[in-house]
Amino acid sequence: MSERFDFTGDELAPAYRAAVDAIEAGDLVVLPTDTVYGLAADAFKADAVQRLLDAKGRGRDMPPPVLISVVESLDALATDVPDSGRKLAQEFWPGPLTLICHAQGSLLWDLGETQGTVALRVPDHENTRELLSRTGPLAVSSANKSGQPAAMDVYDAEEQLSESVAVYLDGGEVNGGRPSTIVDITGDTPRVVRLGALTLEQLRAVVPEVTTDDEPTPEEKPAVVEEPPAAASPEPAPDAPTEAAPAAEKDAGAAEPGEKSAGKPTDQGGSASNGEKTDSDVRPAD
């Protein structure tokens, strides 16, 4: 049976204890982030991640992003991080930015069909970051059924996900509402996969070379014409939120409970630990 705990105020010990116990048991937890409510599982327990995908009605081709508690955990989970990626992380973490990175090959996890990448985020929610520091990296997708609006409060999440979740953490209504912006830093140039709470202008103020698929390069820009076309086709209806590169997702937005399997880093400084176990809808929290 699911349990709901208050996740506001100063008396948070029962909520933390219940959430950590659930994560260590391989169960699911719903928690607030700075963007939308997230559905969380131990990133280093393959059965827990599969339980998350099943609860949302998703396949392994849509792996969830991973939330971490501190910027310093970036190098514990990702490799070959370019300077541009580090600048974005330093500027916008904690915050609504998800970075798609090359995953550390030594990590013992199975998030789905990631093609060797991982989508990482540090949420700007103090209580959730504290929980992440206790559990370690968590696979987190938006707390909703696939195709439905992301939950903005715990009751909406509970209505959609019901008994598939062991612990619901009630942090009140979230203020964000927009999913995180996703940037792929696995190529030569940082590329925006999805624009969300952060604008292209904000990203370029830190890393001017950031590109986006929606913006043609100078060679691709169409020639200027004096007259508009005689007849234009009706504009197609916008697609559903795009699925971010191999390791992101359209939801919530960016830990390591108890015993972990070998190769799993802590969420504090990037060192590995023995045992297991780092944000609407992307495979990167929203």
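Just above, that's the structure.
Enquirer: Just to check I follow, could you spell out the environment of T35 for this structure?
Expert: Note that T35 resides in the loop between β2 (29-32) and β3 (37-42). Exposure remark for T35: the relative accessible area of 1% places this residue in the buried category. A distance of 3.0 Å separates a polar atom in the side chain of T35 from a polar atom in the side chain of T33. In terms of polar contacts, T35 uses its side chain to reach the side chain of R121, at 3.3 Å.

Enquirer: Could you clarify how one ought to interpret unusual backbone geometry in this entry?
Expert: Most of the time, phi is negative for any residue but glycine, and the peptide bond is trans. With an omega of -5 degrees, the peptide bond running from W93 to P94 counts as cis. Its location among the elements puts P94 in the loop between α4 (83-92) and β6 (97-103). Non-glycine residue D80 carries a positive phi angle of around 55 degrees. Tracing the chain through its elements places D80 in the loop between β5 (78-79) and α4. Judged by its relative accessible area of 61%, D80 is exposed. Although it is not a glycine, Q115 sits at a positive phi angle of roughly 55 degrees. Inspection of the secondary structure puts Q115 in the loop between β6 and β7 (117-121). Taking relative accessible area as the criterion, Q115 reaches 70% and is therefore assigned exposed.

Enquirer: Just to check I follow, could you spell out the pattern of salt bridges for this structure?
Expert: Where charged atoms of side chains with opposite charge meet at close range, the side chains can pair. Within this structure, the stated rule accounts for nine salt bridges. Between E158 and R4 there is a salt bridge, and its shortest N-O distance comes to 2.9 Å. With E158 in helix α6 (residues 154-161) and R4 in strand β1 (residues 3-6), this pair connects stretches of sequence that are 154 residues apart. Residue classification places E158 among the partly exposed positions, given a relative accessible area of 23%. For D184, the salt bridge is made with R191, and the minimal N-O distance between the two is 3.3 Å. The network of salt bridges with shared partners includes D184, R191 and D213.

Enquirer: Just checking my understanding: could you explain the nonpolar core for this structure?
Expert: Counting 33 residues, the largest nonpolar core has W93, L97, L99, W109, L120 and L203 as its most contacted members. Ranked by the residues each element gives to this core, the list is headed by β6, at four residues.

Enquirer: I would appreciate a short explanation of α6 in the present structure.
Expert: Quick reminder: α-helices carry 3.6 residues per turn. Residues three or four places apart thus point the same way. Taken residue by residue, α6 has V154, A157, Q160 and L161 as its buried positions. Taken down its axis, α6 places every buried residue within 130 degrees of arc, on the same side. Buried residues in α6 make contact with β1, β2, β3, α2 (46-56) and β9 (167-170). The N-capping residue of α6, defined by a side-chain oxygen 3.0 Å from the backbone nitrogen of Y155, is D153. Directly beyond the C-terminal end of α6, a positive phi value near 50 degrees is found at S162.

Thresholds applied
Residues numbered from 1 in each chain as written. Predicted model: local features only at pLDDT ≥ 70, side-chain atom pairs only at ≥ 80, totals over all residues. Heavy atoms only, no water. Helix = DSSP H or I, 4+ residues; strand = E, 2+ residues; numbered from the N terminus. Buried < 20%, exposed > 50% of the residue type's maximum accessible area, 1.4 Å probe, protein only. Polar contact = N/O pair within 3.5 Å; in protein donor to acceptor, adjacent residues only side chain to side chain. Salt bridge = Lys/Arg side-chain N within 4 Å of Asp/Glu carboxyl O. Core = buried A, V, L, I, M, F, W, Y, C linked by side-chain atoms within 4.5 Å. Arc of directions from axis to C-beta. Contact = heavy atoms within 4.5 Å.

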